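# Structural characterization, general
Below, each chain spelled out in residue letters.
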Amino acid sequence: MASFQDLLKKTKSEISEISGEELQKKLESGDKLILVDVREKEEQEQGNIPQAHLIPRGILELKIEDIVPIRDQEIVLYCAGGTRSALAANALKDLGYNRVHSLIGGYNQWAKEKRATEKKVFLNSEQFERYSRHILMPEVKEEGQVKLLQSKVFLVGAGGLGSPTAYYLAAAGVGTLGIIDDDVVDRSNLQRQILHNESRVGEPKVESAKETLKALNPDVNIITYREKLSSENVMDIIKDYDVIVNGCDNFPTRYLINDACVFLKKPLVDASIFRFEGQVTVHMPFQGPCYRCLYPEPPPPEMAPSCQEAGVFGVLPGIIGCTQGIEVLKILLEIGQPLVGRLLVFDTLKMKIREMKIRQDPNCPVCGQDPSIKELIDYEGFCRLAGGDR
Ligand SMILES: [Zn+2]
């Protein structure tokens, strides 16, 4: 009868082993090699080799084909000391993988040799449960969820558009939501602004929003700004956020946010609603058009009635705000095709959605080749002059 030592000796003679030095060379040379950490989760939490896929030994055979569909892909496995990874390399050989190596001395030796390590953030058990439908998706997984929890999104307005966007982003586990709004809840808001309710009429919108969002997901950090966005505060406020979402309905703010996002190179998920119609697009600075590429100047007042005058159909802000929310998640996770250079127009009466191509203007006053606007201007004055301030 063979002992474990015999088995290990036999296994090691049948597989390929590489040293830390060889692995480091391979990683540095940009070889397309797949590195797999086969230790248990508690061990992985203490640190891992950068770029490693974390797949505990027990589920390696189950998961490996998802990550490595091609059998002659070069793979390096490591465990703590080089034993489990040797046995694992043998198992992968049986599955048909023909370029598998086991790291001699494992993670412990690697760390002792002072080679690069990193510490990944993991979800706790409650988060695992809360975000399980995300984690199930290969496009998100635990890694994507951690990324969302570490992300910061800034919402302009806690009204018709900001309500559904913030509600769903909080539910999806975007870790920090900044919300600016200087208004208080009015009964006429409640027909569409679902973050607020009857008992909060007269309360600041940002406080009402925070209460609703915290009740839904206590994980999310809500930062409130009960003020008006202006040339004085915008750069300082938005500089630390990853994505900016516009849910405001006046022209000075729209131009202000656009210019600030171009200057700071922040993705801006923009939308507008009018009666039965809504529009959504993503302004990715210097990769697609900005708002000024489309509208260098505000329209004359008779062309631009506000919600207050023209009315807005219930549910419509929900559709448009949720579309903004989806775009935010895609940008944060770097998946799919964001609405860059495309304007979606929803006509809810006919229930038709049109997509219009929109182009970057090389002569755009803010993101063009020779921009005339290089710093924030007086937006109230600019819109008054153009006659668009409503
Ligand atoms: Zn532009």
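Parameters at a glance
- Residues numbered from 1 in each chain as written.
- Predicted model: local features only at pLDDT ≥ 70, side-chain atom pairs only at ≥ 80, totals over all residues.
- Heavy atoms only, no water.
- Helix = DSSP H or I, 4+ residues; strand = E, 2+ residues; numbered from the N terminus.
- Buried < 20%, exposed > 50% of the residue type's maximum accessible area, 1.4 Å probe, protein only.
- Contact = heavy atoms within 4.5 Å.
- Areas by Shrake-Rupley, 256 points an atom, 1.4 Å probe, with all protein chains shown as cover.
- Lys, Arg positive; Asp, Glu negative; His and termini not counted.
- Charge placed at Lys NZ, Arg CZ, Asp CG, Glu CD.
- Axes fitted to C-alpha atoms, helices over the stretch in contact; angles between N-to-C directions.
- Parallel < 35°, antiparallel > 145°, perpendicular 65-115°, else oblique.
- Left-handed = near helix turned anticlockwise from the far one by under 90°.
- Nonpolar A, V, L, I, M, F, W, Y, C, P; charged D, E, K, R; others polar.
- Donors = N, O, S within 2.8 Å, 3.2 Å for Na, K, Ca; no water.
- Tetrahedral: all angles 85-135°; square planar, octahedral: opposite > 155°, others 65-115°.
- Core = buried A, V, L, I, M, F, W, Y, C linked by side-chain atoms within 4.5 Å.

## Focus on the overall build of the protein
- Within the protein, the secondary structure is distributed over 17 helices and 13 strands.
- Across its three principal directions, the C-alpha atoms of the protein cover 90 × 50 × 40 Å.
- Burial analysis of the protein (390 residues in total) assigns 49% to the buried set.
- Nonlocal contacts in the protein, meaning residues at least 24 apart in sequence, comprise 68% of its contacts between residues at least 6 apart.
- If you sum the accessible surface of the protein, you get close to 19,500 Å²; carbon and sulfur atoms cover 51% of it.
- Looking at charge distribution, the protein has the averaged site of its 48 positive side-chain charges lying 3 Å from that of its 56 negative ones.

## Overview of the packing of helix 10 (residues 162–172) against helix 16 (residues 316–333)
- Put simply, helix 10 and helix 16 touch, their axes get as near as 7 Å, and they point 40 degrees apart. With respect to their mutual orientation, helix 10 and helix 16 come out oblique. The element helix 10 and its partner helix 16 pack so that their crossing is right-handed. Counted together, P164, T165, Y168, L169 and A172 of helix 10 and P317, G318, G321, C322, Q324, G325, V328 and L329 of helix 16 form the full contact between these two elements.
- Residue composition of the contact of helix 10 with helix 16, grouped by class: 8 nonpolar, 5 polar and no charged.

## Comments concerning the coordination of the zinc ion
- Within the protein, C290 (SG), C293 (SG), C364 (SG) and C367 (SG) serve as the donor atoms for the zinc ion, at 2.2 to 2.3 Å.
- Geometry at the zinc ion is tetrahedral, judged from the 4 donor atoms that bind it and their angles of 94 to 120 degrees at the metal.
- Of note, the zinc ion draws all its donor residues from one chain, in the sequence arrangement C-x2-C-x70-C-x2-C.

## Description of the nonpolar core
- One finds V153, L177, I179, L213, I320 and V328 to be the most contacted residues of the largest nonpolar core, which totals 38 residues.
- Top contributing element to this core by residue count: helix 16, with 7 residues.
- Not counting chain neighbours up to four residues away, the residues in contact with I320 comprise L161, A271, S272, I273, G278, Q279, V280 and F346.
- Among the nonpolar cores identified, the runner-up in size contains 23 residues, and I237, I238, I244 and L376 belong to it.

## A word on the packing of helix 1 (residues 4–14) against helix 5 (residues 84–94)
- Between helix 1 and helix 5, the least distance of the axes is 9 Å, while the angle of their chain directions is 55 degrees. Here helix 1 is positioned oblique relative to helix 5, judged by the angle of their axes. Considering the relative orientation of helix 1 and helix 5, their crossing is left-handed. Side by side, helix 1 and helix 5 meet where F4, L7, L8, T11, K12 and E14 of the first sit next to A86, L87, N90 and K93 of the second.
- Within the contact of helix 1 with helix 5, the residues separate by chemical class into 5 nonpolar, 2 polar and 3 charged.

## Re the side chain of Q127
- Mapped onto the secondary structure, Q127 falls in helix 7 (residues 125–130).
- With a relative accessible area of 13%, Q127 lands in the buried category.

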